[in-house]
Amino acid sequence: MRRTYSLWSAGLGASAVLLIVLSYGTAPADPQGFHKMMIQIFFFGALTSAVASLALSFPAWKNKERGFLKWTAPLILSGSLLVFLTLFVLMVISFL
């Protein structure tokens, strides 16, 4: 039986983006107590999920799995990183 790493890679990539959006979306102006703990869980869960999705992309490429799912995790993570970098640059420009 052949394992399909690409499906897990795509799912973990999507969950990484969802968790990073949740960590920023649910954050109040001054997080304390439970909110602070939940933001940390979301953020570090997103990082773990992103690393795992990229780690599962490599065996999918190595096994030459068919389909586009093996490319979705790197594309999703690159796109979300590009969005955050663009927002950061725009924020820096707004302070000038």
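As a reminder, the structure under discussion sits directly above these lines.
Residues numbered from 1 in each chain as written. Predicted model: local features only at pLDDT ≥ 70, side-chain atom pairs only at ≥ 80, totals over all residues. Heavy atoms only, no water.

A.B. asks: What should I look at first to understand the environment of K64 in this one?
C.D. replies: Along the chain, K64 falls in the loop between α2 (34-62) and α3 (69-95). Relative accessible area serves as the criterion here: at 67%, K64 is assigned to the exposed category. With 28 residues separating them along the chain, K64 and K36 place their C-alpha atoms 42 Å apart. (Helix = DSSP H or I, 4+ residues; strand = E, 2+ residues; numbered from the N terminus. Buried < 20%, exposed > 50% of the residue type's maximum accessible area, 1.4 Å probe, protein only.)

A.B. asks: Please explain the side chain of S53 as it appears in this structure.
C.D. replies: In this fold, S53 is placed in helix α2. For S53, a relative accessible area of 0% puts it in the buried group. Excluding anything up to four places from it in sequence, S53 contacts S9, L12, G13, A73 and L77. (Contact = heavy atoms within 4.5 Å.)

A.B. asks: When you look at the side chain of S6 in this model, what are you seeing that I'm missing?
C.D. replies: Its place among the elements puts S6 in helix α1 (residues 5-25). Overall, S6 belongs to the buried group, its relative accessible area being 6%. A distance of 2.7 Å separates the side chain of S6 from the side chain of E65, its partner in a polar contact. (Polar contact = N/O pair within 3.5 Å; in protein donor to acceptor, adjacent residues only side chain to side chain.)

A.B. asks: Help me out: how do you make sense of the packing of α1 against α2 in this one?
C.D. replies: How two helices pack is summed up by the angle between their axes together with the distance between the axes. Where α1 meets α2, the closest approach of the two axes is 7 Å, and the angle between their N-to-C directions is 160°. Judged on the interaxial angle alone, α2 and α1 are roughly antiparallel. The handedness of the crossing between α1 and α2 is left-handed. The class makeup of the residues in the contact of α1 with α2 is 16 nonpolar, nine polar and no charged. (Axes fitted to C-alpha atoms, helices over the stretch in contact; angles between N-to-C directions. Parallel < 35°, antiparallel > 145°, perpendicular 65-115°, else oblique. Left-handed = near helix turned anticlockwise from the far one by under 90°. Nonpolar A, V, L, I, M, F, W, Y, C, P; charged D, E, K, R; others polar.)

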